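Listed here are the chains, written in short residue letters.
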Amino acid sequence: MLSEITEPLCQTFAPPADLEVDAWARENIVVGAWSPWEGKFSTDRTPWIVEPLRILGRPGPRRLTILGPAAGGKSTISEVFLAWLIDNAPGFCVWYAQDEEAAKEFAETRVQRFLASCERVSRWFPGNRHAKRTQAIHFPHMSFVIQAANEGNAQSKHIRHLICDEPWMYKPGMLAQLHKRTTRFAHNRTIIETSTGSLEGDEVDQAWQQGSRQRWQIFCPHCEELHVPRWTFDRADSPGGVKWSPKAKRENGTWDLRAVAESTTYQCPTCQTHHAATSANAYIVNRNGSYTLPAADSMPNHFSFHWNCIASDFSQLGAIAVEFLMAKQAIKRGDTSLFQEFTQKKLAEAWSGESASAEIKYQPSDYMLGDPWAEEARRFLTIDKQRDHFWAVVRAWSANGNSRLVWAGRVSTWVDLRNLQQSNAVPDRQVLVDSGYSATEVYRECCRYGWIAIKGEARKGGYEFTNEDGVKSRRIFSLTSPADPGLGTAEQGMTTCPLVLISDEMTSDALALFRSGEVAGWTVAKDTPEEHVQQMAARVKRSRVLPRTNQTVWEWATVGKHGEHLWDCERMQLAAAVMSGFFDHSKIITTEEKNEG
Ligand SMILES: [Zn+2]
């Protein structure tokens, strides 16, 4: 192995590193015209890269997970470290990019030029031109390779310095595989992972969580306090964060984007002073900035750093605010991709939209929709009403709480719903219609057909219930006084229908257990329609830290563009099964409490 043979040799003539990496870079690197910061290398305008660079200069093993916005200085950290290690800590070094194209582009446009700009490095360039190719340089004392993170490039060789660029775009498991290649150098290896925001729960997000979780804080020159900058604090209209003039909103509700860009400021959440998005202020707020303290529970020698565009692109906040509004607008059209990009590439935060599909662990069973089922005790039809259509689920339940999907999909009219009920032989009193939308109309139709109205409520703890023995418990539903659609007299038929109230939180938590495969028995058919799969993935539970109390709260949120109507129908199914006694709801309460903890 080249690096192993030559490492001791070269250490005899390489001077010991007595400068911090950032100081070494200031002395030895001249940045070329390809960079926005041409000239002698400086960290004056990018002070958030200093701390990571200093950690990289420490002896012993270290792993750095660096999350920052696109073009926010992440690659500079890896480049500076690369130049420094060639001079000070030689060893086989591989730089991985997400694919061949990215590797090639990066080699051509940045790395080669960066290394050439440093005399301490270029003096090592091999005389033999064949030893210096675009994506590999074989120095006399070590080799450096830039390649794509794929199976073919993840084999055999032992790596001392591993640099992973945008690892969230690698195939799942690839990052762990690359780490294994460094085990020979467990005593002095370097692992750098630089990434924009990844996906909640993926390898990069986990790496961030396991590390020291240090966030870059900016400095308010008015109140002289430090804080981690955020786009908004608490609610969008709470003080603090990126703000623009309300006058930029036109009378028809659209934004005058130029007026937005020109009026954008950053408001300090502490003293509420507005700071103009200028390059002078960008310098001031960052010059005195610093990282938060390392988390006490981080893995040894694992450092994770984060900064967002508010710090690194402070003078560009006007243009970024426009991007934000356009991403928000796209969401209204059902497209979340721009907002995802904004979250990952500007705020450098993990995106949670795709994690719901990861939560789907149940496998389709081997029956087809509508197949007869010997265990069936009862079936329900649950209906979610939209403005001009419906979503519906027919599900069969056994007495011990197992269930099978019979039908799921979109329905156009009340008459079609009646036909669906009859063709699936669902008794009237086992049809439940969500009355959260146009309640009067729902009550009227429930009265007409003998159906039951059902409505979700934000009742985290459910409903208190006292049984015949006086024992109090909480349950997920409550039967209430009949709902009256104002139909008039009894001669016209039923004038009221029963209304069931259910806890949104408890039914969601319970259904999530089935979705995650934690509780067995709830199944879907082999030919379950795609919308059912998509909409079952549309709800995720997210944690949020309340700014004042630092308390973590968990909230259900809708993600993706498919809507959550069938998820809601399935929640109603669950409530119906609990009411029928097919399903022990104390189990649900226990789980609810577990989630709270
Ligand atoms: Zn302030």
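Here is what the cut-offs are and how they apply
Residues numbered from 1 in each chain as written. Predicted model: local features only at pLDDT ≥ 70, side-chain atom pairs only at ≥ 80, totals over all residues. Helix = DSSP H or I, 4+ residues; strand = E, 2+ residues; numbered from the N terminus. Buried ≥ 20, exposed ≤ 12 C-beta atoms within 10 Å, placed from the backbone. Contact = placed C-beta atoms within 7 Å. Pairing = 2+ DSSP bridges. Axes fitted to C-alpha atoms, helices over the stretch in contact; angles between N-to-C directions. Parallel < 35°, antiparallel > 145°, perpendicular 65-115°, else oblique. Left-handed = near helix turned anticlockwise from the far one by under 90°. Nonpolar A, V, L, I, M, F, W, Y, C, P; charged D, E, K, R; others polar. Right-handed = clockwise from strand over helix to strand, strands pointing away. pLDDT = per-residue confidence, 0-100. Core = buried A, V, L, I, M, F, W, Y, C linked by C-beta atoms within 7 Å. Domains from an automatic or database assignment.

Participant: Would you mind showing me how to read the overall build of the protein here?
Facilitator: A count of helical and extended segments in the protein gives 20 helices and 26 strands. For the protein, with 597 residues in total, the buried portion stands at 40%. Counting only contacts in the protein whose residues sit at least 6 apart along the sequence, the fraction spanning at least 24 positions is 69%.

Participant: What's the story with the sheet that holds strand 13 (residues 274-276) in this structure? I'm lost.
Facilitator: The strand order across the open sheet built from three strands is 11-12-13, with neighbouring strands paired in antiparallel fashion. Of all strands in the sheet, those bounded by a partner on one side alone are strand 11 (241-243) and strand 13. On average, each strand axis in the sheet is inclined to that of its neighbour by 35°, with strand direction left out of account. Relative to strand 12 (residues 265-267), strand 11 runs antiparallel, the two sharing three bridges. Paired with V242 across the strands is Y266, a residue of strand 12.

Participant: Would you mind showing me how to read the packing of helix 2 (residues 21-28) against helix 4 (residues 74-88) here?
Facilitator: Any two packed helices are characterised by the angle at which their axes cross and by the distance between the axes. Relative orientation of the contacting elements helix 2 and helix 4 amounts to 85°, with a least axis distance of 10 Å. With respect to each other, helix 2 and helix 4 are oriented roughly perpendicular. Facing V21, W24 and A25 of helix 2, the residues of helix 4 in contact are V80, F81 and W84.

Participant: Just checking my understanding: could you explain the environment of V394 for this structure?
Facilitator: With respect to the helices, strands and loops of the structure, V394 is situated in strand 17 (residues 390-398). For V394, a count of 26 C-beta atoms within 10 Å gives the class buried. Sequence separation between V394 and E570 is 176 residues, and the spatial gap between their C-alpha atoms is 9.0 Å. Setting aside residues up to four positions removed in sequence, V394 forms contacts with R379, L381, V406, W407, N424 and V426.

Participant: When you look at the packing of helix 4 against helix 5 (residues 100-116) in this model, what are you seeing that I'm missing?
Facilitator: Contact geometry of helix 4 with helix 5 gives a least axis separation of 10 Å together with a crossing angle of 40°. Between helix 4 and helix 5, the interaxial angle falls into the category oblique. Seen from above, helix 4 lies across helix 5 with right-handed handedness. Contact residues: helix 4 offers S75, E79 and A83, while helix 5 offers R110, V111, F114 and L115. Residue composition of the contact of helix 4 with helix 5, by class: four nonpolar, one polar and two charged.

Participant: Where do I start with the pairing of strand 20 (residues 452-457) in this structure?
Facilitator: In summary, the side chains of a regular strand alternate between the two faces of the sheet. Of all the six residues making up strand 20, five are buried; the element is thus mostly covered by neighbouring parts of the structure. Where strand 19 (residues 431-434) meets strand 20, three bridges bridge the pair, whose relative direction is parallel. Paired with L432 across the bridge in strand 20 is I452. With helix 16 (residues 439-449) bridging strand 19 and the parallel strand 20, this β-α-β connection has right-handed handedness. Pairing geometry for strand 20 and strand 24 (residues 497-503), over five bridges, is parallel. Considered in strand 24, the bridge of I454 is made with V500.

Participant: Even after reading the chapter, I still don't get the confidence of the model for the protein, so can you show me in this structure?
Facilitator: Close inspection of predicted coordinates is inappropriate in any region flagged by low pLDDT. In this model, the protein carries a mean pLDDT of 86, and residues with pLDDT of at least 70 account for 86%. Every residue in residues 1-15 is under pLDDT 50, and counting partners more than four places away or in other chains gives 18 contacts. Confidence over residues 587-597 falls short of pLDDT 50; this stretch has 13 contacts with residues more than four positions distant or in other chains.

Participant: Please explain unusual backbone geometry as it appears in this structure.
Facilitator: What you tend to see is this: most non-glycine residues have negative phi, and most peptide bonds are trans. Here the phi dihedral of N301 falls at roughly 60°; this positive angle occurs in a residue that is not glycine. Within the fold, N301 resides in the loop between strand 14 (290-291) and strand 15 (302-306). Classification of N301 by C-beta neighbours within 10 Å gives partly exposed; the count is 16. The phi dihedral of A425 is positive, around 55°, even though this residue is not glycine. Looking at where A425 falls in the secondary structure, it is placed in the loop between helix 15 (414-423) and strand 19. Look at A425 and you get exposed, because 9 C-beta atoms sit within 10 Å.

Participant: Mind showing me how you'd approach the nonpolar core here?
Facilitator: Generally speaking, a soluble globular protein has its nonpolar side chains buried in company with each other. Judged by nonpolar contacts, the single largest core of 83 residues is most densely connected at V80, F81 and A83. Taken together, domain 1 (2-213) and domain 2 (219-290 + 314-345) each give at least three residues to this core, which thus spans both. Other than its neighbours up to four places away in sequence, A83 contacts I29, F114, L115, C118 and V121. Judged by nonpolar contacts, the second largest core, of 57 residues, contains F380, W391, I452 and M506.

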